[in-house]
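A look at the structure
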Amino acid sequence: MKNLVIILVIVLIAAGAFFALKGPDLTPKESEYLDFKLGAKPSPEMKATAESDIFKTKGEIYYSVFSTKPFEAAATVEVVIKNTADMSKVLFTEALGTTPEKKIMRPINPVNSDAAGKYVIELVKDGAVIARKVFTVSDNAPAPAAPAVPEAPAAPATGEVKVEAPVAPAAEAPAAPAAPATGEVKTN
């Protein structure tokens, strides 16, 4: 009987150690109430686009949060960013309150990535994580592609013909070398 108790205690200690060393849950999580995006560029609708989970160090990371359907009651949702190396430290936090229609509307918000590492951004409501995205900041990450330039709208048909004189190219001016694109933007 004594051996059975010793084996049971050893099993319980091993199970406790397993759960203690397991670490935090970093599984991405979606919310049925929210359109939560994490990306490298803003869209005209003020949402994050070019969704990614890898970003360049010292670059901007955009997030946006919009309700897909109203909450049952007025609520506050907190945006929390932590480095996975030390989950006890909160690097960024922002509280988002619902509108009178019980919806969350947070247009794009840029956050800077000053140090390389693995991070988690969570949306927390009443102490529970309702949405989560994990992303990496790296010196070797590709820079986001340049935003697409929208086409100019077609001129209305008015029956008028507009003629423009051609511009003569400069004959003696040598072409200047193009400046390198850095893609780095810093805001406070």
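Quick note: structure is the one above.
Residues numbered from 1 in each chain as written. Predicted model: local features only at pLDDT ≥ 70, side-chain atom pairs only at ≥ 80, totals over all residues. Heavy atoms only, no water.

For sheets, the rule is that strands pair by backbone hydrogen bonds, running either parallel or antiparallel. Across the sheet, which stays open at both edges, the 4 strands sit in the order 2-1-4-7 with antiparallel pairing between neighbours. Looking at the sheet topology across the chains shown, the edges are occupied by strand 2 (48-51) and strand 7 (105-112). Strand-to-strand, the axes of this sheet are offset by a mean angle of 40°, without reference to chain direction. Pairing of strand 4 (residues 60-67) with strand 7 involves 6 bridges; the strand directions are antiparallel. What sits directly across from Val65, in strand 7, is Arg106. (Pairing = 2+ DSSP bridges. Helix = DSSP H or I, 4+ residues; strand = E, 2+ residues; numbered from the N terminus. Axes fitted to C-alpha atoms, helices over the stretch in contact; angles between N-to-C directions.)

This brings us to the nonpolar core. A general feature of soluble globular proteins is that nonpolar side chains tend to end up buried together. Membership of the largest hydrophobic core comes to 23 residues, with the highest contact counts inside it found for Leu34, Tyr63, Val65, Ile121, Leu123 and Phe135. Contact partners of Leu34, with chain neighbours within four places excluded, come to Val65, Phe66, Ser67, Thr68, Phe71, Ile104, Leu123 and Ile130. (Core = buried A, V, L, I, M, F, W, Y, C linked by side-chain atoms within 4.5 Å. Buried < 20%, exposed > 50% of the residue type's maximum accessible area, 1.4 Å probe, protein only. Contact = heavy atoms within 4.5 Å.)

For Asn109, the location among the structural elements is in strand 7. On the basis of relative accessible area, Asn109 is assigned to the buried category, the value being 14%. For Asn109, the contacting residues outside a window of four places in its chain are Ile61, Tyr62, Tyr63, Phe92 and Glu94.

There is a patch of nonpolar side chains on the surface, built from Met1, Leu4, Val5, Val9 and Ile13 and spanning about 560 Å² of accessible area. Looking at where Val5 falls in the secondary structure, it is placed in helix 1 (residues 2-21). (Patch = residues over 30% accessible without salt bridge, like charges linked within 9 Å, V, L, I, M, F, W, Y side chains within 5 Å. Areas by Shrake-Rupley, 256 points an atom, 1.4 Å probe, with all protein chains shown as cover. Salt bridge = Lys/Arg side-chain N within 4 Å of Asp/Glu carboxyl O.)

As judged from the 7 bridges shared by strand 5 (residues 76-83) and strand 8 (residues 117-125), these two strands associate in the antiparallel manner. Pairing of Glu78 across the sheet is with Val124, part of strand 8. Across 9 bridges, the pairing between strand 8 and strand 9 (residues 128-138) is antiparallel. When the sheet's bridge partners are listed, Glu122 is paired in strand 9 with Arg132. Joining the antiparallel neighbours strand 8 and strand 9 is a turn of 2 residues, in which Asp126 adopts a positive phi near 55°.

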